[in-house]
Amino acid sequence: MAKKFDVLVIGGGPGGYVAAIRAAQLGLSSACIEAQAYADPKGEVRLGGTCLNVGCIPSKALLQSSELFEQANHSFVMHGIGLDNVKIDVATMMRRKDNIVGQLTSGIRGLFKKNKVVLLPGHGKFVGRDEDYWQIEVAGASGSKIGSEIVEARHVIVATGSVPRHLPGIPVDNKVICDNAGALAFDAVPKRLGVIGAGVIGLELGSVWKRLGSEVTILEALPDFLAAADQAVAKEAWKVFTQRQGLNINLGVKIGKVSLGRRGTVTVEYEANDETYTLECDKLIVSVGRLPYTEGLGCDNVGLQLDERGRIAVDGQCRTNLENVWAVGDVVPGPMLAHKGMEEGVMVTELIAGQAGHIDYNTVPWVIYTHPEIAWVGKTEQQLKSEGVDYRIGQIPFAANGRALGQGDTTGFVKMLADAKTDRILGVHIIGNNASELVAEAVVAMDFGASSEDIARICHAHPTLSEAMHEAALAVDKRSLHF
Ligand code: FAD
Ligand code: NAI
């Protein structure tokens, strides 16, 4: 007889594994199907999806190592610390990254065990429905030891994530021309690194290899830099990345022919400002966005509806067009962020359990882990302008913050936008050291519907970077105390 579950999750990334665990916590029988072995040394299926294996976690590990190298080379000296001949051992750096990934992915296996979530290794595919139960085939890859079985579930949560978008005529081999997977596993610092796309991956991974010594050229199709960020932040970031850090970022570029040379190099022809250019590099990263992944999911077998961009169509609570079939994470509309997928996973399982699952999409934070970090929540100034909202601004530079001075890192600012009439906080934009952590205060405040006055009246520890948030709130009312 087929195994039967209350909740069956297809995909073990952040959206999926969190949903499976929460379902079990809520007393539902829960299983998770995962297909990918990623780079597991034993060839076992690995949980954690893109985020843990080839995304958030390995990229942040490399960002940390490369930032320390950068500091040892350039920042220690201001503290009177002299180091000669600082070297980077790429193999050790990569081993450290792989260990962190291994620790976290096996940690999720442990969490599954502890919560009694059944892991079903293999590829999940809708095959039909029998009365109240969806029937899903779980199949091993051809040649693998895993056979094929049909399992049944009352509720199915699709969390199949996304895959990198590749460009026609640019063959990604993950050796010379790489997407995120290859770009996180270079075995040496490339002398010349080309990057197509000045988005989040391009900037984060471009920064890693620039700090380690590569000459980095980024080619971006759009005429504007970081168009989704608040323009004051984008302007500051442009200045720091191009002038201070030496990232060579070209905007408004049209990519032409890309060819592999005989010596393992790559040549990119591109147009900009009506001129044709050629970029020679030793490695090329293609980071031009990601696509929702539904291949082999059997959507047609059951009539699961996709939207015009190939994402699974869902309502505001992640319900698909099929009864008791839900979808979360990168495979549905919205920002492709791990924490957004996790929150959706929790919301859906709580709804299944009859609770009031909820997610506030207006307060999903964004972080770009460059140095300085960039983080924001809520509306940008340009969005408020285009929506005709009357707002007030409070902006405080880290140069006016004692802790930032002590840390020797005063780049950037905190910018708070509040409704001119009600004073409710509408957006907070940070560029600076630790912006990723500082933004959490703004998220909490906005989730609780706080005004700038609320933050202004809260005692912030001294000396901390968070005082810049406090001062920005005071500055909304033009009563900043330290600037
Ligand atoms: P995924 O993580 O893509 O997981 C989906 C899983 O489903 C995969 O493991 C896949 O093998 C499996 N699967 C697919 N189809 C099937 C099937 N039919 N049967 C069985 N299994 C299947 N986000 C952040 O919030 N912060 C960051 O710092 C960050 N950094 C990133 C850095 C990089 C380089 C990249 C590429 C992404 C980064 N992201 C980051 C984005 C983040 O990784 C994704 O938003 C997140 O992984 C999405 O989670 P998910 O569960 O929806 O999908
Ligand atoms: P992205 O959407 O952030 O950036 C892609 C960039 O490529 C855009 O600026 C786009 O204009 C440009 N582009 C598109 N086609 C092009 C072309 N033909 N030629 C030149 N440029 C072109 O996507 P990216 O960087 O690939 O990352 C994918 C997603 O992964 C992100 O959108 C984000 O959701 C997630 N991510 C999140 C991170 C974080 O939270 N810190 C870190 C890395 C990725």
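See the structure printed just above.
Residues numbered from 1 in each chain as written. Chains lettered and ligands numbered in written order. Predicted model: local features only at pLDDT ≥ 70, side-chain atom pairs only at ≥ 80, totals over all residues. Heavy atoms only, no water.

Student: Mind showing me how you'd approach the nonpolar core here?
Tutor: Where a protein is soluble and globular, its nonpolar side chains tend to be buried together. Formed by 37 residues in total, the largest nonpolar core has its most connected members in W209, F225, L226, F241, I249 and I374. For this core, the secondary structure elements donating two or more residues are α3 (56-74), α4 (90-115), β9 (192-196), α6 (200-211), β10 (215-219), α7 (231-244) and β19 (373-378). The element that contributes the greatest number of residues to this core is α7, accounting for five residues. Setting aside residues no more than four positions away along its own chain, I374 makes contact with L226, V233, A237, F241, W366, V367, I368, I430, I431 and A435. A435, V439, A445 and A473 belong to the second-largest nonpolar core, a separate cluster that totals 30 residues. (Core = buried A, V, L, I, M, F, W, Y, C linked by side-chain atoms within 4.5 Å. Buried < 20%, exposed > 50% of the residue type's maximum accessible area, 1.4 Å probe, protein only. Helix = DSSP H or I, 4+ residues; strand = E, 2+ residues; numbered from the N terminus. Contact = heavy atoms within 4.5 Å.)

Student: Looking at this model, I keep getting lost on the site of ligand 2. Mind explaining?
Tutor: In the region of ligand 2, 23 residues are neighbours, and I201, E220, G289, M336 and V367 sit closest. Within the backbone of I201, one N or O atom sits 2.9 Å away from an oxygen atom of ligand 2. At 2.7 Å, a backbone N or O of V367 approaches a nitrogen atom of ligand 2. Protein contact buries 78% of the 840 Å² of open area that ligand 2 shows by itself. Counting only elements with at least two residues in the shell around ligand 2, the list comes to α6 and β18 (366-368). (Near = heavy atom within 4 Å. Polar contact = N/O pair within 3.5 Å; in protein donor to acceptor, adjacent residues only side chain to side chain. Areas by Shrake-Rupley, 256 points an atom, 1.4 Å probe, with all protein chains shown as cover.)

Student: Teacher, can you tell me more about the pairing of strand β1 (residues 4-10) here?
Tutor: The side chains of a regular strand alternate between both faces of the sheet. Burial runs high along β1: five of the seven residues are buried. The sheet contact formed by β1 and strand β6 (residues 148-158) spans six bridges and is parallel. Bridging from a neighbouring strand, L8 pairs with V156 of β6. Handedness of the crossover joining β1 and strand β2 (residues 30-34) through helix α1 (residues 14-25) is recorded here as right-handed. (Pairing = 2+ DSSP bridges. Right-handed = clockwise from strand over helix to strand, strands pointing away.)

Student: Mind showing me how you'd approach the packing of α3 against α4 here?
Tutor: Any two packed helices are characterised by the angle at which their axes cross and by the distance between the axes. At a minimum axis distance of 9 Å, the contact between α3 and α4 shows a crossing angle of 145°. Judged by the twist between their axes, the crossing of α3 over α4 is right-handed. Residues I57, P58, A61, L62, Q64 and S65 of α3 pack against M93, M94, R96, K97, I100, V101 and L104 of α4. (Axes fitted to C-alpha atoms, helices over the stretch in contact; angles between N-to-C directions. Left-handed = near helix turned anticlockwise from the far one by under 90°.)

Student: Teacher, can you tell me more about the site of ligand 1 here?
Tutor: Of all residues adjacent to ligand 1, which total 38 residues, the nearest are E34, T50, K60, G124 and D330. A distance of 2.9 Å separates an oxygen atom of ligand 1 from a polar atom in the backbone of G15. A distance of 2.7 Å is found between an oxygen atom of ligand 1 and a side-chain nitrogen or oxygen belonging to K60. Residue assignment for the shell around ligand 1 shows that the elements contributing at least two residues are α1, β2, α2 (49-54), α3, β4 (123-130) and α9 (338-352).

Student: Quick question: what am I supposed to make of the pattern of salt bridges here?
Tutor: Once the charged atoms of two side chains with opposite charge are near each other, the side chains can pair. Applying the stated criterion across every chain, the model contains 23 salt bridges. Salt-bridge contacts for K379 lead to E387; the nearest nitrogen and oxygen are separated by 3.1 Å. As a salt-bridge pair, D477 and R392 come within 3.3 Å of each other at their nearest N and O atoms. You can see D477 sitting in the segment after α14 (467-476) and its partner R392 sitting in strand β20 (residues 391-397), a full 85 residues away along the chain. Given the relative accessible area of 32%, D477 is considered partly exposed. A network of salt bridges, in which partner residues are shared, links R392, D423, E453, R457, D477 and R479. (Salt bridge = Lys/Arg side-chain N within 4 Å of Asp/Glu carboxyl O.)

Student: It is not clear to me how the packing of α3 against α6 should be interpreted in this structure. Could you clarify?
Tutor: Their axes nearest at 8 Å, the elements α3 and α6 cross at an angle of 35°. For the pair α3 and α6, the sense of crossing is left-handed. Touching S59, K60, L62, L63, S66, E67, F69 and E70 of α3 are E204, L205, S207, V208 and R211, all from α6. Among the residues forming the contact of α3 with α6, the class breakdown is five nonpolar, three polar and five charged. (Nonpolar A, V, L, I, M, F, W, Y, C, P; charged D, E, K, R; others polar.)

Student: Even after reading the chapter, I still don't get the packing of aromatic side chains, so can you show me in this structure?
Tutor: Aromatic ring pairs are described here by two measures, namely the spacing of the ring centres and the angle between the planes. All chains considered together, the criterion is met by six aromatic pairs. Ring geometry for F225 against F241: centres 6.3 Å apart, planes inclined by 85°, an arrangement best described as edge-to-face. Of this pair, F225 sits in the loop between β10 and α7 while F241 sits in helix α7, and the two are 16 residues apart along the sequence. On the accessibility criterion, F225 (7% relative accessible area) is buried. Residues W366 and W376 carry aromatic rings whose centres are separated by 5.8 Å and whose planes lie at 10° to one another, so their mutual orientation is stacked. Of this pair, W366 sits in strand β18 while W376 sits in strand β19, and the two are 10 residues apart along the sequence. (Phe/Tyr/Trp six-rings, centres within 6.5 Å; stacked < 30°, edge-to-face > 60°.)

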